[in-house]
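# Fold and geometry: a report
Chain residues, written in single-letter form:
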Amino acid sequence: PASACLGPHSAAMTTTRRFTADDLFHFNPVNLDKLTETYHMYFYFQYMAQWPDFQKVMQSPDGTIMAYLIGKAEGEERNWHGHVSAVTVGPEYRRLGHAAKLMDFLEQVSINLDCYFVDLFVRVSNSVAIEMYKHFGYIVYRTIIGYYSGEEDAYDMRKALP
């Protein structure tokens, strides 16, 4: 059968669900990547409480967190956009399409809320992520000087929504 050809980390064996408070105790293997921003617990709780529909986890059959996305909606009156605060995939789960699925998810939630675009910030030195986002249709909108603790600039990348 076709499923027998699937590797141990195949996207076909992945469960996608809402990010929960319990995940904070299990996401370190994914979160401790040098290019992944880590935040205080309050940050994650705030996102789960204020924008629960924008949070997603991808999990392997044994319950291991493989990837997650934290996002929100920003704006006022009728001018809203989606924002990706963090998207990260564990090293052993990369190049399986998980980031694309998470980004598609956030874009769809943003479309459902009549957002005009989605934005994200990425380190200018993170060329792999920049190329991935460009592949997903994002463009560099502007450079934010010293965004990362005053030590590194960020690109504000954006994608227009239909």
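Shown above is the structure to which this text applies.
The following paragraphs examine the structure supplied in this document. All figures in this text were calculated on a predicted structure; none of them were measured in a lab. (Residues numbered from 1 in each chain as written. Predicted model: local features only at pLDDT ≥ 70, side-chain atom pairs only at ≥ 80, totals over all residues. Heavy atoms only, no water.)

### Things to note about the pairing of strand S2 (residues 56-59)
Note on strand geometry: in a regular strand, side chains alternate between the two faces of the sheet. Burial along S2 is two-sided: Lys56 and Met58 and Val57 and Gln59, pointing in opposite directions, are all buried. In this structure, strand S1 (residues 15-17) lies alongside S2, joined through 3 bridges in antiparallel fashion. Considered in S2, the bridge of Thr16 is made with Met58. Judged from the 4 bridges that link them, S2 and strand S3 (residues 65-76) form a sheet pairing that is antiparallel. Within the sheet, the bridge partner assigned to Met58 lies in S3 and is Ala67. A loop of 5 residues connects S2 with S3, the two strands running antiparallel in sequence, and Gly63 in this loop sits at a positive phi of about 95 degrees. (Buried < 20%, exposed > 50% of the residue type's maximum accessible area, 1.4 Å probe, protein only. Helix = DSSP H or I, 4+ residues; strand = E, 2+ residues; numbered from the N terminus. Pairing = 2+ DSSP bridges.)

### Considering unusual backbone geometry
Backbone geometry at Arg95 places phi at a positive 65 degrees, although glycine is not the residue there. Secondary-structure assignment places Arg95 in the loop between strand S4 (79-89) and helix H3 (98-112). Arg95 sits in the exposed class, given a relative accessible area of 81%. The phi dihedral of Ser149 falls on the positive side, at around 55 degrees, and the residue is not glycine. Structurally, the position occupied by Ser149 is in the loop between strand S6 (139-148) and strand S7 (152-160).

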